[in-house]
Amino acid sequence: MTGSASIASGVRPQGWVRSYVGRLKTGDEIARLIALTAASTIIVITVMLVWNLWTVSAPTRLKFGFAFLWTSVWDTNTGQYGALPYIYGTAVTSLVALLIAVPLGVGAAIFLAELAPPRLSDALTFLIELLAAVPSVIFGLIGIFMLVPVLQSSVVPSLKAVFGFLPFFQGSFYGVSIFTASIVLSLMIVPFIISVSREMLLAVPRDLREAALALGSTKWESTWQVVVPFARSGIVGSIFLALARALGETMAVTMVIGNTPNIKATLLGAGYSIAAKIANEFGEARGEVLSGLVELGLVLFALTIVINGAARLLIIMTTAKGTK
Amino acid sequence: MLFLTGVCTVIAVSVLFVILGYLFAKGGSSLSLQFFTNLPAPTGETGGGMANAILGSGQVLLLATCIGVPIGFIAGVYLSEYSGAAFASIVRFMTDLLNGVPSIVVGVVAYTLVVLKTGTGPLAGGIALGIMMIPIAVRSTEAFLRAVPTSLREGAMALGANQWKTIGTVVIPAAMRGILSGMMLNLARVAGETAPLLLTAGLSMYWNHGWTQPVATLPVMIYTDAVGPQEDLHRQAWAAGFVLLSLVLLVNVIARTIISRGVHKPR
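The rules we used
Residue positions are counted from 1 within each chain, in the order its sequence is given. For this description, chains carry letters from A and ligands carry numbers from 1, given in the order in which they are written. Totals for whole chains, interfaces and linings use all residues, but because this is a predicted model, local features are given only for residues with pLDDT of at least 70 and pairs of side-chain atoms are given and counted only at 80 or more. Secondary structure elements are taken from DSSP: a helix is a run of H or I of four residues or more, a strand is a run of E of two residues or more, and numbering for both begins at the N terminus. Computation of the radius of gyration draws on C-alpha atoms alone. For the globule rule, the value is 2.2 Å times the number of residues to the power 0.38. Each residue is represented by a C-beta atom placed from its backbone, and any two residues with such atoms within 7 Å are regarded as in contact. Residue ranges assigned to each domain were obtained from an automatic or database domain assignment. By definition here, a helix of n residues has an expected span of 1.5 Å times n minus one. A residue's bend is given by the angle between axes fitted to the 7 residues ending at it and the 7 residues starting at it. Put simply, a nonpolar core is buried Ala, Val, Leu, Ile, Met, Phe, Trp, Tyr and Cys residues tied into one set by C-beta atoms within 7 Å. In this scheme the burial state of a residue depends on its C-beta neighbours within 10 Å: 20 or more other such atoms mean buried, 12 or fewer mean exposed, and anything in between means partly exposed; the C-beta positions come from the backbone. Axis lines are fitted to C-alpha atoms, over the contacting stretch for helices. Their N-to-C directions set the angle, which ranges from 0 to 180 degrees. When describing relative orientation, an angle under 35 degrees is termed roughly parallel and one over 145 degrees roughly antiparallel, while 65 to 115 degrees is termed roughly perpendicular and anything else oblique. By definition, turning the near helix anticlockwise from the far helix through less than a right angle yields a left-handed crossing, and turning it clockwise yields a right-handed one. Any residue outside Ala, Val, Leu, Ile, Met, Phe, Trp, Tyr, Cys, Pro, Asp, Glu, Lys and Arg is labelled polar, Gly included; the first ten of those are nonpolar and the last four are charged. Think of the arc as the fan of directions from the helix axis to the C-beta atoms. In predicted models, pLDDT denotes the confidence assigned by the predictor to each residue on a 0 to 100 scale.

1. Here's the deal with the overall build of chain A
Secondary structure summary: chain A contains 14 helices and 2 strands in total. For chain A, the C-alpha radius of gyration of 25 Å lies well beyond 20 Å, the compact-globule estimate for 324 residues. Projected onto its principal axes, the C-alpha positions of chain A cover 85 × 70 × 30 Å. The contacts of chain A with a sequence gap of at least 6 include a subset with a gap of at least 24, amounting to 77%.

Below is the structure:
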């Protein structure tokens, strides 16, 4: 289905014009132009989005430069804007969420792709996809009213009893905290890790499994020593994809993180994230405050774009390897 | 080890059932006919409903569909039927870029571009969600059109149809079921989006008065009621959460069943 432009080369100008008018009359060219317009609209929207973030954030971007990223005072009265506590909160919640979600997600993906009978695997994958469709505000609701009481009454006291000597589990726990936000985030990203990793494992060529089994390895040995290493970069890609989602997640985090800018080693204290800061303070923002918040959005955008790009590259590498 | 991976799966799936069960128990008991017909109760009074938020969500989603679906669909047709040029790969790259933008950032951009000129309301909210719908609409349309066998296109052309008639009367109808289900999934995804609406749609306790006046929407109401102080607000949040989740999951189940019927993946 190549476009009409390709016939232009080597044809006399008169003939080119005539065939173009012919295509216009039959409607082919009009249809192509409409499709082209819609496709161009996407480029315009994306460029406008990036341009807008860049220009609206100009006042604080020019005033503070890169110091915006590593100073930690955000005071609208004195006109100081430092993003460090928010970047810290976003990074820590996302990383702790990955620590929980990766073993869980990859384990489940291995089960679904390699070990479960096909019918059971399809049914369970369907449920996992439904879990991925649950809106984030619902996760926030569950986080506030169900997870917080459970953490407060049983999970955190027992964690403190066992790991209390670690700096991560010191200080008092009031329910909303970086730890709570991490757990909610981990539940939200698990379905993405499972479904992408499962696809990656299913893309591993059949002969590899059969060869491993023929050499006398058990089902688990062929899975763990042959199939998983083959799909490794794709699985890492799925983890990056999940990380990008966790970084940009707003509502569920805003509802359970405590919304207090802190940079402390303990996970049990309240924190703040970039997305939560924007959601809470955008209300009637004007002037320099608006510029600072938009610059936070720009930082978030840059982070997710880099991580998404890396994820896509890793996934393409794996699928290309499988079809070679 | 086999056992352990099974345990991982059980944990992940049980999260869905815990959420469903909890919302069903809490939300189902808070739900009443009032919820669908009344305005929110004034502060201090109990009862009331979210009729304005249900209408507001509908209004915002309608505008989002009118923006996201046509642009995404036609651009998807372009990528599948007219591609081959370098331009198509630029469009694909931009689509992926747009798909990766966090929803709150879309809200920020819609705020600076629309809200600063018109104020909060369904117009700004619909534009924000419409932009979010575009990338998925493009990719699902392209995927389903590409799945149509080339022989169908060749058959239509051999019978004398020109390119756009081939696309319009043969290729698109053949892929229609998949494309429609893809659009349903897309709509269900943005229906639960809260962060962009928080910045663009605003909040209101009354019936909506137009496209540029603040409007209540279900996800934003869930958020504000859940973080609010009174027990009665929490009950409203549960009821609204129950309604929203039921709708989103229902659409998902229907659309996924339509897609998977008749399609057998080789394993």
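2. What to know about the overall build of chain B
Tallying secondary structure elements over chain B gives 11 helices and 0 strands in all. What you see in chain B, going N to C, is helices and strands ordered as α-α-α-α-α-α-α-α-α-α-α. The C-alpha extent of chain B, read off along each of the three principal axes, is 70 × 60 × 35 Å. The long-range fraction of contacts in chain B, counting pairs at least 24 apart against all pairs at least 6 apart in sequence, stands at 73%.

3. Points about the interface of chain A and chain B
The interface of chain A with chain B comprises 69 residues on the first partner and 69 residues on the second. Examining the composition of the side of chain A that touches chain B, we find that 17 residues originate from one element, helix H2 (residues 28-56) of chain A, more than from any other.

4. Quick look at the domain arrangement of chain A
Its domain assignment divides chain A into domain 1 (4-53) and domain 2 (84-323). Relative to domain 2 of chain A, the C-alpha centre of domain 1 of chain A lies at a distance of 42 Å.

5. Some details on helix H8 (residues 163-191) of chain B
Its 29 residues give H8 of chain B an end-to-end C-alpha distance of only 36 Å, which falls more than 12% under 42 Å, the value for a rise of 1.5 Å per residue. Taken as a whole, H8 of chain B carries its principal kink of about 60° at Met 176 of chain B.

6. Section: the nonpolar core
Within the largest apolar cluster, 190 residues are counted, with the highest numbers of intra-cluster contacts made by Ile 189, Ile 193, Ala 242 and Val 256 of chain A together with Ala 75 and Ile 222 of chain B. Element by element, the count of residues in this core is highest for helix H5 (residues 84-115) of chain A, at 17 residues. Summarising the domain contributions, this core has at least three residues from each of domain 1 (4-53) and domain 2 (84-323) of chain A. What Ala 75 of chain B contacts, discounting residues up to four positions off in sequence, is Ala 38, Ala 39 and Ile 42 of chain A together with Val 91 and Val 138 of chain B.

7. Remarks on the packing of helix H6 (residues 118-133) of chain A against helix H8 (residues 178-202) of chain A
Residue and element names in this part refer to chain A. Their axes nearest at 9 Å, the elements H6 and H8 cross at an angle of 135°. With respect to each other, H6 and H8 are oriented oblique. For the pair H6 and H8, the crossing hand works out as left-handed. When H6 is examined against H8, the residues Thr 125, Ile 128, Glu 129, Leu 131 and Ala 132 are found in contact with a partner set consisting of Pro 191, Phe 192, Ile 194, Ser 195 and Arg 198. Of the residues that constitute the contact of H6 with H8, the class distribution is 6 nonpolar, 2 polar and 2 charged.

8. Considering the environment of Leu 97 of chain B
Within the secondary structure, Leu 97 of chain B is located in helix H4 (residues 86-100). In this structure the C-alpha to C-alpha distance between Leu 97 of chain B and Pro 135 of chain B, which are 38 residues apart in sequence, comes to 8.7 Å. Ignoring sequence-local partners within four residues, the contact set of Leu 97 of chain B consists of Thr 46 and Ile 305 of chain A.

9. Quick look at helix H10 (residues 219-230) of chain A
Residue and element names in this part refer to chain A. An ideal rise of 1.5 Å per residue puts 16 Å on 12 residues; H10 measures up with 16 Å between its terminal C-alpha atoms. Those residues of H10 lying buried are Ser 222, Thr 223, Val 227 and Val 228. Projection of H10 onto a plane perpendicular to its axis shows the buried side chains occupying an angular sector of 145°, all on one side. Pointing more than 90 degrees away from the buried face of H10 are the exposed residues Gln 225 and Pro 229. Considering only its buried residues, H10 is in contact with H5, H8, helix H9 (206-214) and helix H11 (232-248).

10. Topic: the packing of helix H3 (residues 51-81) of chain B against helix H6 (residues 122-146) of chain B
Residues and elements named next belong to chain B. For the pair H3 and H6, the least separation of the axes is 5 Å and the interaxial angle reads 35°. As H3 packs across H6, the resulting crossing turns out to be right-handed. Class assignment of the residues belonging to the contact of H3 with H6 gives a composition of 19 nonpolar, 10 polar and 3 charged.

11. Focus: unusual backbone geometry
Residues and elements named next belong to chain A. Phi at Asn 259 takes a positive value of approximately 55°, unusual for a residue other than glycine. Examined against the element boundaries, Asn 259 turns out to sit in the loop between helix H12 (251-256) and helix H13 (274-281). For Asn 259, a count of 20 C-beta atoms within 10 Å translates into the label buried.

12. Brief notes about the confidence of the model for chain B
Predicted confidence across chain B gives a mean pLDDT of 88, with 96% of residues reaching 70 or more. Per the prediction output, this complex has pTM 0.89; the corresponding ipTM is 0.90.

13. Some remarks on the confidence of the model for chain A
Averaged over every residue, the pLDDT of chain A is 87; residues scoring 70 or more account for 95%. Below a pLDDT of 50 lies the segment residues 1-11 of chain A, which in the model reaches 14 contacts outside its immediate sequence neighbourhood of four places, other chains included.

14. Thoughts on the environment of Glu 114 of chain A
All names here are of chain A. Structurally, the position occupied by Glu 114 is in helix H5. On the neighbour-count criterion, Glu 114 (22 C-beta atoms within 10 Å) is buried. Along the sequence, Glu 114 and Phe 68 sit 46 residues apart, while their C-alpha atoms lie 48 Å from each other. Excluding its chain neighbours within four sequence positions, the residues that come into contact with Glu 114 are Leu 201, Thr 223 and Val 227.

15. Quick word on the environment of Ser 197 of chain A
All names here are of chain A. As for its position among the elements, Ser 197 is in helix H8. Placed 40 residues apart in sequence, Ser 197 and Gly 237 show a C-alpha to C-alpha distance of 8.4 Å. Sequence-distant contacts of Ser 197, defined by excluding residues within four places in its chain, comprise Gly 105, Val 106, Ala 109, Ile 235 and Ser 238.

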